[in-house]
Amino acid sequence: TYSVSHDEIPLIAPSDISLTLSDGSVWGPGTRFTKARRRAVDQVVPAPVFKRSQVRDHYNELCLQAKAFSLVFRVYDDGIAWRFCPVQAVDVQAEEAVFRFAKDWDAFIPYVSQHTETLETQFVNSFESQYSHHALSQWNKERLAFLPITVQADDLLLCVLDSDVTDYPGMFLYNGEGG
């Protein structure tokens, strides 16, 4: 699990992350990590197709190593990220990323607006929708949402995104349990 706090204020309560591989093995719950490495990075990287020619890449990193993979967490001044890094190529069957927000804050949620007959048919959509604005507890349990979603956490805005999804599916969010 992971959790997120800002100035000692909880934002995301302990939440599960895992990968299930096609061979049935699960990376996440019960994993025995053999080593932990920490490092701080502060560098400038070129950005030829951005509004600036270079950007600052500044973060603290924790790399937890297991036999078949590493789990890497990065903490930036304005965000967090994690990534499973396999030792060799793997076939991912399923991925779990849970976001248990610490309070029932309001959120801007882009629900899938087409093919809403079943959850499965909602994966076929145009990623074009109006954003609904309501408390997380009022999430429509019959609908998937796509990214980004933004949560108004008191004086902070929390934005859930995915990145580096080349040859990997984007994330949909679902609140079937109503938590």
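The structure presented is a predicted model; accordingly, all values stated were derived computationally and were not measured.

### A short note on the sheet that holds strand E9 (residues 92–97)
Here is step 1 of the chain: On the basis of which strands lie adjacent, the open sheet formed by three strands has the order E4-E3-E9 and antiparallel pairing. Every interior strand has two partners, whereas the edge strands, strand E4 (26–27) and E9, have only one.
Here is step 2 of the chain: Where strand E3 (residues 17–21) and E9 come together, five bridges link them in antiparallel fashion. Pairing of Ser18 across the sheet is with Glu96, part of E9.

### Describing the environment of Ser163
Here is step 1 of the chain: By the element assignment, Ser163 lies in the loop between strand E15 (156–160) and strand E16 (172–173).
Here is step 2 of the chain: For Ser163, a relative accessible area of 59% puts it in the exposed group.
Here is step 3 of the chain: In sequence terms Ser163 and Ala81 are 82 residues apart; their C-alpha atoms lie 9.4 Å from each other.

### Some thoughts on the side chain of Asn175
Here is step 1 of the chain: Relative to the assigned elements, Asn175 resides in the segment after E16.
Here is step 2 of the chain: What Asn175 contacts, discounting residues up to four positions off in sequence, is Leu136, Trp139 and Lys141.

### Some thoughts on the packing of aromatic side chains
Here is step 1 of the chain: If you walk through the whole model with that rule in mind, you get eight aromatic pairs.
Here is step 2 of the chain: Each ring, one from Trp27 and one from Phe69, has its centre 4.4 Å from the other, and the planes form 15 degrees; the classification is stacked. On the criterion of sequence distance, the pair formed by Trp27 in strand E4 and Phe69 in strand E7 (residues 69–76) is long-range, its members being 42 residues apart.
Here is step 3 of the chain: Assessed through its relative accessible area of 3%, Phe69 is described here as buried.

### Structural notes on the nonpolar core
Here is step 1 of the chain: Within the largest apolar cluster, 29 residues are counted, with the highest numbers of intra-cluster contacts made by Phe101, Trp139 and Val151.
Here is step 2 of the chain: Looking at this core, the elements with two or more residues in it are strand E1 (2–6), strand E2 (9–15), E3, E7, strand E11 (106–109), strand E14 (149–153) and E15.
Here is step 3 of the chain: Setting aside residues no more than four positions away along its own chain, Trp139 makes contact with Ile109, Tyr111, His134, Ala145, Ile149, Leu173, Tyr174 and Asn175.

What counts and how
- Residues numbered from 1 in each chain as written.
- Predicted model: local features only at pLDDT ≥ 70, side-chain atom pairs only at ≥ 80, totals over all residues.
- Heavy atoms only, no water.
- Pairing = 2+ DSSP bridges.
- Helix = DSSP H or I, 4+ residues; strand = E, 2+ residues; numbered from the N terminus.
- Buried < 20%, exposed > 50% of the residue type's maximum accessible area, 1.4 Å probe, protein only.
- Contact = heavy atoms within 4.5 Å.
- Phe/Tyr/Trp six-rings, centres within 6.5 Å; stacked < 30°, edge-to-face > 60°.
- Core = buried A, V, L, I, M, F, W, Y, C linked by side-chain atoms within 4.5 Å.

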